[in-house]
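Single-letter residue listing:
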Amino acid sequence: EHPRTLTAREALATAYRLAGRLPEAIRLASRVTQQRTAVLGPVHPDTLVSRLGLALARAEDGDLRAAEGIAMPALREAIDAHGQHHPVTTALRSCVGGLHAAAGRFDEAREALRYALAGTERQLGSTHPDAVALREELHMLTPTPTPTP
């Protein structure tokens, strides 16, 4: 339960998720989230990152309801504990935006992604790859006006 051990396990859970080994990713991410909650508390930035990773693994496994059930409370708690502009708040907001988009709730997705983009630009600059990716994701969700005849 040493924080560095939990960081290593978090990285392994992420590697499992990125490799498509979702059952292993979910199992390990759940364990790390529980351990970090016990050791660091539920709103410590590292715990919130674990909750984010677990939500992403659940979403990639096709369980959007479970993913939203993890990410949305984590986002609210991040805002309360760390404020609107903290990097972990921005990351969670981006995740929630993607989950809303995957669920077909495009207005909610655009709102979350606009906030995430503003936070990312404030923290990292408008040309950072994360800002560029968020801008592209937001652009893909923005309806194009239909020309009138």
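What you see is a predicted model; the values in this text were computed from it and never measured.

A. Representation of the packing of helix α4 (residues 64-82) against helix α5 (residues 87-102) in the model. Close contact between α4 and α5 brings their axes to 9 Å; oriented N to C, the two are set at 150 degrees. Between α4 and α5, the angle is such that the two are roughly antiparallel. The interaxial crossing formed by α4 with α5 has left-handed handedness. For the pair α4 and α5, contact is made by Leu64, Ala67, Glu68, Ala71, Met72, Ala74, Leu75, Ala78, Ile79 and His82 and by Val88, Thr89, Leu92, Arg93, Cys95, Val96, Leu99, His100 and Ala102, respectively. Tallied by class, residues from the contact of α4 with α5 come to 14 nonpolar, 3 polar and 2 charged.

B. Inspection of helix α1 (residues 3-18) at higher detail. Spanning 16 residues, α1 covers 22 Å between terminal C-alpha atoms, matching the ideal 22 Å at 1.5 Å per step. Where α1 is concerned, the buried positions are Leu6, Glu10, Ala13, Tyr16 and Arg17. Viewed along the axis of α1, the buried residues span an arc of 120 degrees, placing them on a single side of the element. Turned more than 90 degrees away from the buried face of α1 sit Arg4 and Leu18, all of them exposed. Summarising the contacts, the buried residues of α1 are in contact with α2 (22-40) and α3 (45-60).

C. Local environment of empty space enclosed by the protein. This structure, assessed with the given rule, holds 1 cavity of 30 Å³ or more. By volume, the largest cavity amounts to about 30 Å³. Taken together, Glu10, Ala13, Thr14, Arg17, Ala29, Gly53 and Leu54 make up the full set of residues lining the largest cavity. Of all the secondary structure elements, the ones that give two or more residues to the lining of the largest cavity are α1 and α3. A total of 4 residues in the lining of the largest cavity trace back to one element, the largest contributor, which is α1. Residue composition of the lining of the largest cavity, grouped by class: 3 nonpolar, 2 polar and 2 charged.

What counts and how
- Residues numbered from 1 in each chain as written.
- Predicted model: local features only at pLDDT ≥ 70, side-chain atom pairs only at ≥ 80, totals over all residues.
- Heavy atoms only, no water.
- Axes fitted to C-alpha atoms, helices over the stretch in contact; angles between N-to-C directions.
- Helix = DSSP H or I, 4+ residues; strand = E, 2+ residues; numbered from the N terminus.
- Parallel < 35°, antiparallel > 145°, perpendicular 65-115°, else oblique.
- Left-handed = near helix turned anticlockwise from the far one by under 90°.
- Contact = heavy atoms within 4.5 Å.
- Nonpolar A, V, L, I, M, F, W, Y, C, P; charged D, E, K, R; others polar.
- Expected span 1.5 Å × (residues − 1).
- Buried < 20%, exposed > 50% of the residue type's maximum accessible area, 1.4 Å probe, protein only.
- Arc of directions from axis to C-beta.
- 1 Å grid on protein atoms, 1.4 Å probe; cavity = no way out; pocket = protein on both sides within 12 Å on 5 of 7 lines; lining within 4 Å.
- Points joined across faces, edges and corners; volume = space filled by probe spheres on them.

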